[in-house]
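Below are the chains, spelled out letter by letter.
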There are 2 protein chains.
Amino acid sequence: MDKEFVKDLTKMDEDFAKWYTDIIIKAELVDYAPIKGFMVIRPYGYEIWENIQAVLDKKFKETGHKNAYFPILIPESLLNKEKEHVKGFAPEVAWVTYGGSEKLSERLCIRPTSETIISTMYSKWIKSYRDLPLLINQWANVVRWEKTTRPFLRTTEFLWQEGHTLHETEEEAKEETIKMLNIYADVFENYLAIPVIKGKKSDKEKFAGAESTYTIEALMHDGKALQSGTSHFFGDGFAKAFDIKYQGRDGKQKNPFQTSWGVSTRSIGGIIMTHGDDRGLKLPPMIAPIQVVIVPFAQHKEGVIEEVNKLGERLKKKFRVELDIRDSYTPGYKCNHWELKGVPVRLEIGPKDIEKNECILFRRDTFEKISVDLKNVEEEIDNLLKDIQTNMYNMALENRKKHTFIAKNIEEYKSIFEKDQGFVKIMWCGNRDCEDKIKEETSSTIRCIPFEEEHIGDKCAICGKEAKHMVYTGRQY
Amino acid sequence: MDKEFVKDLTKMDEDFAKWYTDIIIKAELVDYAPIKGFMVIRPYGYEIWENIQAVLDKKFKETGHKNAYFPILIPESLLNKEKEHVKGFAPEVAWVTYGGSEKLSERLCIRPTSETIISTMYSKWIKSYRDLPLLINQWANVVRWEKTTRPFLRTTEFLWQEGHTLHETEEEAKEETIKMLNIYADVFENYLAIPVIKGKKSDKEKFAGAESTYTIEALMHDGKALQSGTSHFFGDGFAKAFDIKYQGRDGKQKNPFQTSWGVSTRSIGGIIMTHGDDRGLKLPPMIAPIQVVIVPFAQHKEGVIEEVNKLGERLKKKFRVELDIRDSYTPGYKCNHWELKGVPVRLEIGPKDIEKNECILFRRDTFEKISVDLKNVEEEIDNLLKDIQTNMYNMALENRKKHTFIAKNIEEYKSIFEKDQGFVKIMWCGNRDCEDKIKEETSSTIRCIPFEEEHIGDKCAICGKEAKHMVYTGRQY
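Model, not experiment: these values are computed from the prediction.

Caption draft 1: Structural view of the overall build of chain A. From N to C terminus, chain A includes 15 helices and 23 strands. Projecting the C-alpha coordinates of chain A onto the three principal axes gives extents of approximately 80 × 55 × 50 Å. Residue burial in chain A is summarised as follows: out of 477 residues, 50% are buried.

Caption draft 2: Expanded view of the environment of Asn 51 of chain A. All names here are of chain A. Tracing the chain through its elements places Asn 51 in helix α3 (residues 43–62). For Asn 51, a count of 19 C-beta atoms within 10 Å puts it in the partly exposed group. As a C-alpha pair, Asn 51 and Met 286 span 235 residues in sequence and 8.2 Å in three-dimensional space. Setting aside chain neighbours within four positions, we find Asn 51 in contact with Ile 287 and Pro 289.

Caption draft 3: Broad picture of the interface of chain B and chain A. Of the residues lining the interface, 43 residues belong to chain B; the matching set on chain A comes to 43 residues. Among the secondary structure elements, those contributing two or more residues to the side of chain B that touches chain A are β2 (39–41), α3 (43–62), β3 (66–67), β4 (73–75), β5 (94–99), α6 (115–125), β7 (134–143) and β8 (157–167) of chain B. In terms of residue count, β5 of chain B provides more of the side of chain B that touches chain A than any other element does, six residues in total. Pairing of strand β5 (residues 94–99) of chain A with β5 of chain B, which is carried by five bridges, proceeds in the antiparallel orientation. When the sheet's bridge partners are listed, Tyr 98 of chain A is paired in β5 of chain B with Trp 95 of chain B.

Caption draft 4: Broad picture of helix α9 (residues 266–275) of chain B. Of all ten residues in α9 of chain B, ten are buried, a share of seventy percent or more. Buried within α9 of chain B we find Arg 266, Ser 267, Ile 268, Gly 269, Gly 270, Ile 271, Ile 272, Met 273, Thr 274 and His 275 of chain B.

Caption draft 5: Region of interest: the environment of Lys 36 of chain B. Residues and elements named next belong to chain B. If you trace the backbone, Lys 36 turns up in the loop between β1 (30–32) and β2. You can call Lys 36 exposed: it has 12 C-beta atoms within 10 Å. Along the primary structure Lys 36 and Thr 148 are separated by 112 residues, whereas in three dimensions their C-alpha atoms are 9.7 Å apart.

Caption draft 6: The arrangement of the domain arrangement of chain A in detail. The domain architecture assigned to chain A consists of domain 1 (2–275), domain 2 (292–387) and domain 3 (404–474). Averaged C-alpha coordinates put domain 1 of chain A and domain 2 of chain A at centres separated by 38 Å.

Caption draft 7: Representation of the relation of the copies chain B and chain A within the structure. Mapping chain B onto chain A calls for a screw motion: a turn of 180° about the axis and a shift of 0.0 Å along it, with 0.0 Å RMSD after fitting. Classification of the inter-copy transformation places it as that of a two-fold axis. Identified as the residue of chain B closest to the rotation axis by C-alpha distance is Val 96 of chain B, at 2.1 Å. A shared interface surface links the copies, since 100% of the contact residues of chain B are contact residues in chain A too.

Caption draft 8: View of the confidence of the model for chain A. Taken residue by residue, chain A gives an average pLDDT of 96. The fraction at 70 or more is 99%. What the predictor reports for the complex is a pTM of 0.97 with an ipTM of 0.97.

Caption draft 9: Representation of the pairing of strand β14 (residues 257–264) of chain A. All names here are of chain A. Summarising burial for β14: eight of the eight residues are buried, a large majority. Every second residue of β14 is oriented toward a common face, with Phe 257, Thr 259, Trp 261 and Val 263 on one face and Gln 258, Ser 260, Gly 262 and Ser 264 on the other, all of them buried. Two elements, strand β8 (residues 157–167) and β14, share eight bridges in a ladder whose sense is antiparallel. In the strand pairing of β14, Gln 161 is matched with Val 263.

Caption draft 10: Molecular detail of the environment of Cys 335 of chain A. Residue and element names in this part refer to chain A. For Cys 335, the position within the fold is in helix α11 (residues 331–340). Note: C-alpha distance between Cys 335 and Tyr 32 (303 residues apart in sequence) is 26 Å. Residues contacting Cys 335, with those up to four places away along its chain left out, are Val 295 and Arg 346.

What counts, and where the lines are drawn
Residues numbered from 1 in each chain as written. Chains lettered and ligands numbered in written order. Predicted model: local features only at pLDDT ≥ 70, side-chain atom pairs only at ≥ 80, totals over all residues. Helix = DSSP H or I, 4+ residues; strand = E, 2+ residues; numbered from the N terminus. Buried ≥ 20, exposed ≤ 12 C-beta atoms within 10 Å, placed from the backbone. Contact = placed C-beta atoms within 7 Å. Pairing = 2+ DSSP bridges. Domains from an automatic or database assignment. Least-squares fit on C-alpha atoms with pLDDT ≥ 70 in both. pLDDT = per-residue confidence, 0-100.

Below, the structure written as structure tokens:
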């Protein structure tokens, strides 16, 4: 049974895409829905999302944001109000044309994002500078009619949060944009154990309708980049298009400055592809639905189940714990099963351990086993979880370092993508032509202009003209 | 300013419907969206929903349920699989016919409820009796193309939770149906302070596709009934229609038994119409976004703001607290404002109170004010909140008693609805004709056959034939 289990899993280095699909299905994170491009998020996958939600929601509220809920359907006329925005989104929305048996007089699209409907409401709510800043977040589902889909990474429907804020001054709105990006980076690094590069998107890659888009970019195990969270500064473009006005401190009517920012269930894909290995999923303790699984050995022997139950009660007070006392599976099968599901710590206990008042702790990240006294088991697990969290971050950082390159010219650049992939740092002139060229030749794109630019040369690696920025490039999910 | 504020509010007894609309808009619970029948749930309304969600979610998890997420779009062919179900829902669904610029080969409806898509997935997931029971809940938005809508009570889109479970035996499924109804009743009575009648729906009123539907029915201030939560037993009807099968303990293939149950944002409408009064909203402390608001008097005087801030810090450790130190409004305006918003306890404090180390506590339910020593203020507020919670329940129960009648025959029945409305208890023969007749003549319906039937006669109040049940009837929202 055990062998079959491992045999079924594609090796990462053989076929990363197939490995990914194997993991998400076998670990019961998702299943394919009977509608092309849609996924079902199963309980184990949804619990990860709930844990991410809880962390983000707390941080949003601590920074003064409140949640609200806006309609899922947006009239075509509203979508059309901001020119850049409609150009970006209209080709990929789902259209509702009938309500019951009645044809609608105006088509309604399922929100691909909510700037247009939210701006419409904001124009009713804002009258004076006293109403600012307006800091609202929405947890919602959105639909984008994607051609190629992959569970979590790119699906027709996904779950996310979208923050939408209004501010008196440009400075304040810009500050908000960066503040929220920093919260995303904090959550990814300290909870999801995923190191990220913070930076600004090029004009080509920015959000439709934004003045500037900021991003956190992560590097997956296979060296591809994942845009993991974005924060947009809109200037007063949407405010003007949607007639959002307020009376300023000087008595004059003004347009406020606007931001929006979002993180989605795509983050779960990031966790899988950053941390997973050939045994399956590997979940960071901070957001793992189960932090400790207890697997008894020789559970039919007298006293074992009782001890396991007792231990379970004790540990549940401090951790998210699962007891696997199913009698239809061998301990070996169970160990494989919970490794596949990525549980950070496995506690093994059998009659001999009980005799010695001990148990075995197995850590999923390094496969190490230690024997610990049951007296101190809470403290030992606590330390272990902290250590796993840190180690997983460090392993991911190590992988990113291994897959981060510098290219001085287009030949160097192309040769990197011929044998490997990853973040490639280059100097860039700021010109769209050079951006298009690397995409054509290597299918890579500029991921971001990082906040912390290094000086790695003076000339654009593509055209040789004077460079404006150092940028991170890479192939993306 | 204060006078204008109160003047704008319609009196409940003059026009209850208009009073309701005034409250929801002025207390900033919702706003009308620019799409007919849709509402925007504003932060203050959404916070109430978050508090209700937290209570329900905890109870679902304590009883072994896990959350998951299923697609919002359902292919027409799936909706058509269960005959009764499609008959009930097809006339009121929104149809997606285009994805981007491409016409879809099959229409997709936005879920009006998720039995069909969830049953489809369950048929893939269930193989053995070991996979049962399957206990899953979903928090989601649904769309029903309603002709007449009112915020919270009946809107085209609403938020809810829908539980969907599978069980080995009929008994177990029926037990689950009642267990979840009891959780709903518990939450309504002990958190929302709304007394409910638990009972079974008549065949005419049951959910499309269910074998039996159970309900909790509440009575609003105006004597109309509100169906507040339902729990359905499906037998194996959906399992057969969707080919959900498992290998039983005896090795044979069987269909499992199924349930579903839901509570929605309609519950917020129930809170408003059960507890509100001519001064506005009145929120039960258990789910109030703000439990205590601190309103300073003479806040420009030295030391007042400092004392209020200090007090706020103290109280925030135990309660959900708001400080209203806006200098652009008078204390009178603020008091009206927070009464309208239904905050259970208002703490007033000015220079004289500070001198005496005292403050005033105002309770929203009875309008009483007491002076308390700042030393014990946490304990005093704690007791007050508990007392308000209980008192609000009792006031609602009192109103229900006042509006509960008994009718022995059709003349008595009609005369009640000529001068009043409420729950009218009657004996019923079980015949659909009699059910139709009371609807025709009084626009009332059978709300439920209560779990606790009283013997109030032997004959059906409508036709005079032998009675089978005592039923609660009423006009409904």
